[in-house]
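# Analysis of the macromolecular model
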Amino acid sequence: MAYRDLNTLSVREQVQHKYARRAAKLVNVFQCLIVSANPERRRTLDRAASESGWKTHVCADPQAALAHVNRWLVQLAVVDLDTPSSATFRPLVEQLAAQSGLLSIVCGHDGDVQEEIWVRQQGAWMYLPGVADSSNVGLLCSEAKQIVERISQAGDNQREPVKPVA
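Residues numbered from 1 in each chain as written. Predicted model: local features only at pLDDT ≥ 70, side-chain atom pairs only at ≥ 80, totals over all residues. Heavy atoms only, no water.

Our next topic: helix α3 (residues 62-71). Among all positions in α3, only Pro62, Ala65, His68 and Val69 are buried. Here the buried residues of α3 occupy an arc of 125° about the axis, which is enough to place them on one side. Of the surrounding secondary structure, the elements contacted by the buried residues of α3 are β1 (31-35), β2 (55-59) and α4 (90-97). For α3, the N-terminal capping position is held by Asp61, with its side-chain oxygen 3.2 Å away from the main-chain nitrogen of Gln63. (Buried < 20%, exposed > 50% of the residue type's maximum accessible area, 1.4 Å probe, protein only. Helix = DSSP H or I, 4+ residues; strand = E, 2+ residues; numbered from the N terminus. Arc of directions from axis to C-beta. Contact = heavy atoms within 4.5 Å. Polar contact = N/O pair within 3.5 Å; in protein donor to acceptor, adjacent residues only side chain to side chain.)

Structure, rendered in structure tokens:
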């Protein structure tokens, strides 16, 4: 389950990508990316994910978030669009949606139907309008961790098909 086309990566990036995935599998480190322009919201989301067993990485801007996703194996991303500068985070949501094996939770504006439709069209795992506290996010982070663990175990149990001997 590759995040990006490995043919477009340099040799160094391919090695980093390969060993980051292997190390995460070996020690069952599940990494969550938190992205929000609001410092208070970042702390709230970080606390919710950490308490659910995720190793969190917090970013304040989309560029830092993309750099992190391209370097490390991230299984969950929580993006906060409920800010005045939400338009700058939309390309990030699009790029995260293109990553295979990555669950995304998008926190949006309460009552903004167009935003919700757009986020769901991007393929976000969950859309949360008007998140006021971390209880909803914490519950979803716990559920996401269980999903990622099941996917990881299923991947470990899959064997290569036996090839016929010619």
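Further remarks concern the packing of aromatic side chains. Summed over all chains, the structure comprises 1 aromatic pair. Summarising the aromatic geometry, the rings of Phe30 and Trp54 are spaced 6.2 Å apart at their centres and angled 75° between planes, so their arrangement reads as edge-to-face. Here Trp54 lies in the loop between α2 (39-51) and β2 and Phe30 lies in the loop between α1 (11-27) and β1, a separation of 24 residues in the sequence. Of the two residues, Phe30 and Trp54, neither departs from the other in class, the shared state being buried. Taking NZ or CZ as reference, Arg90 lies 4.4 Å from the ring centre of Trp118, over its face. (Phe/Tyr/Trp six-rings, centres within 6.5 Å; stacked < 30°, edge-to-face > 60°. Lys NZ or Arg CZ within 6 Å of the ring centre and 35° of its normal.)

Here the focus is the packing of α4 against helix α5 (residues 113-122). Where α4 meets α5, the closest approach of the two axes is 9 Å, and the angle between their N-to-C directions is 30°. The angle between α4 and α5 places the two elements in the roughly parallel class. Contacts from Arg90, Val93, Glu94 and Ala97 in α4 reach Glu115, Trp118 and Gln122 in α5. Of the residues belonging to the contact of α4 with α5, the class tally is 3 nonpolar, 1 polar and 3 charged. (Axes fitted to C-alpha atoms, helices over the stretch in contact; angles between N-to-C directions. Parallel < 35°, antiparallel > 145°, perpendicular 65-115°, else oblique. Nonpolar A, V, L, I, M, F, W, Y, C, P; charged D, E, K, R; others polar.)

Honestly, it's all geometry; don't read function into it.
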